[in-house]
Amino acid sequence: MLLGVNIDHVATLRNARGENEPSVLQAAKICVDLGVNGITAHLREDRRHIKDDDVYSLKNDLKCRLNLEMAATDEMQKIALSLLPHACCIVPEKRMEVTTEGGLDVFSQQKRMCDFVKPLVDAGIFVSLFIDPEEKQVEASFKTGAQFIELHTGSYSRAFATSLEEAEFIKLKKSALFAQHLGLQVNAGHGLNYLNVSRMHEIPDIHELNIGHSIISRAVFTGLEKAVCEMMNLVYKN
Ligand code: PXP
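As the structure is a prediction and not an experimental result, all values here were calculated from the model.

Undergrad: Help me understand the nonpolar core in this model?
TA: A general trend in soluble globular proteins is that nonpolar side chains are found buried together. By size, the foremost hydrophobic cluster in this structure holds 69 residues, and its most contacted members are Ile-7, Ile-39, Ile-90 and Leu-129. Each residue touching Leu-129, except ones within four places of it in the same chain, is listed here: Ile-90, Leu-104, Val-106, Met-113, Val-117, Ser-141, Thr-144, Ala-146, Phe-148, Ile-149 and Glu-150.

Right, here's the structure in full:
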């Protein structure tokens with residue numbers, strides 16, 4: 001299982017003062033030098049954390065796979081086609097949300113998503129659709145021509161260590177197995193932390209986990225290197 005570190009919240013902290021510290025590029029470089037498999041950055045429509053310059057410097061100044069998270073808008077498609085990141089993860093975006101709440105409804109916008117995904121795949125970008133763990137969303141994602149899905153682990157993460165955990169975990173596992181049966185590669189992320197991440201090993205062949213908030217939060221107390229190494233130990237343990 002690979003680990004992609006989501007670097008957005010380094011930018012959140014930087015933007016709190018509108019200056020250049022802490023540096024997103026420097027934080028990403030520390031993660032890459034420690035051996036993480038990729039850096040994920042979400043360029044939101046409102047640019048609340050990651051900015052355009054960040055994604056260009058992550059792409060151009062770092063020797064690492066960049067996973068650009070973005071909404072399915074014309075503006076973002078244009079940026080992706082000019083940036084040519086290793087991968088794009090398409091997420092739903094609502095202006096007032098604190099973070100990405102829920103997955104993309106691919107099922108209800110099948111044609112639009114097919115049209116959106118094709119130019120990206122044709123440009124050599126690996127495309128992933130961030131969806132809730134539901135069979136109809138997995139099947140619809142497969143039909144778009146995207147090579148990956150990223151399963152939204154938010155509900156599982158919130159349910160962790162409660163009576164609801166098992167039901168949420170089973171949804172993830174069943175969706176992953178169904179996706180793999182169709183030939184999709186499966187990533188997962190959102191809300192994963194140092195406690196709940198271990199169960200991801202119970203799902204066969206998850207390709208990559210994308211984890212941000214828990215790593216950056218721990219880094220406040222331990223430093224980024226220690227926080228990343230501790231997560232790498234949990235993700236790479238098999
Ligand atoms: N994957 C996707 C598609 C996301 O939108 C996010 C949050 O930006 C993450 C992973 C990382 O979530 P977290 O910051 O909760 O680890």
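Undergrad: Would you mind showing me how to read the site of the ligand here?
TA: Around the ligand there are 15 residues in total, and Glu-69, Glu-150, Gly-191, Gly-212 and His-213 lie nearest to it. Asn-6 is positioned with one of its side-chain polar atoms (N or O) 3.4 Å from an oxygen atom of the ligand. Gly-191 has a polar backbone atom sitting 2.8 Å from an oxygen atom of the ligand. Relative to its unbound accessible surface of 400 Å², the ligand loses 94% to contact with the protein. Considering only residue class, the shell around the ligand consists of four nonpolar, eight polar and three charged.

Undergrad: Honestly, the packing of helix 2 (residues 24-34) against helix 3 (residues 52-61) in this entry has me stumped. Any pointers?
TA: The geometry of a pair of packed helices is captured by two quantities: the angle between their axes and the separation between those axes. Where helix 2 meets helix 3, the axes come as close as 10 Å, and the angle between the chain directions of the two elements is 40 degrees. The orientation of helix 2 with respect to helix 3, classified from their angle, is oblique. Between helix 2 and helix 3 the crossing geometry is right-handed. Note on element contacts: helix 3 touches helix 2 through Asp-54, Ser-57, Leu-58 and Asp-61, opposite Val-24, Leu-25 and Ala-28. Residue composition of the contact of helix 2 with helix 3, grouped by class: four nonpolar, one polar and two charged.

Undergrad: Can you help me understand the packing of helix 4 (residues 74-83) against helix 5 (residues 110-122) in this one?
TA: Close contact between helix 4 and helix 5 brings their axes to 10 Å; oriented N to C, the two are set at 15 degrees. The angle between helix 4 and helix 5 falls in the class roughly parallel. Handedness of the helix 4/helix 5 crossing: right-handed. Residue-level contacts link Gln-77, Ala-80 and Leu-81 of helix 4 to Asp-115, Phe-116, Pro-119 and Leu-120 of helix 5.

Undergrad: I tried to follow helix 9 (residues 213-222) on my own but got confused; where do I start?
TA: Because an α-helix completes one turn every 3.6 residues, residues spaced three or four positions apart along the sequence face the same direction. Of all the residues in helix 9, the buried ones are Ser-214, Ile-215, Ile-216 and Ala-219. At its buried positions, helix 9 is contacted by strand 1 (2-6), helix 1 (8-15), strand 8 (208-211) and helix 10 (224-235). Where helix 9 terminates, the next one or two residues include Gly-223, which has phi positive at roughly 90 degrees.

About the thresholds
Residues numbered from 1 in each chain as written. Predicted model: local features only at pLDDT ≥ 70, side-chain atom pairs only at ≥ 80, totals over all residues. Heavy atoms only, no water. Core = buried A, V, L, I, M, F, W, Y, C linked by side-chain atoms within 4.5 Å. Buried < 20%, exposed > 50% of the residue type's maximum accessible area, 1.4 Å probe, protein only. Contact = heavy atoms within 4.5 Å. Near = heavy atom within 4 Å. Polar contact = N/O pair within 3.5 Å; in protein donor to acceptor, adjacent residues only side chain to side chain. Areas by Shrake-Rupley, 256 points an atom, 1.4 Å probe, with all protein chains shown as cover. Nonpolar A, V, L, I, M, F, W, Y, C, P; charged D, E, K, R; others polar. Axes fitted to C-alpha atoms, helices over the stretch in contact; angles between N-to-C directions. Helix = DSSP H or I, 4+ residues; strand = E, 2+ residues; numbered from the N terminus. Parallel < 35°, antiparallel > 145°, perpendicular 65-115°, else oblique. Left-handed = near helix turned anticlockwise from the far one by under 90°.

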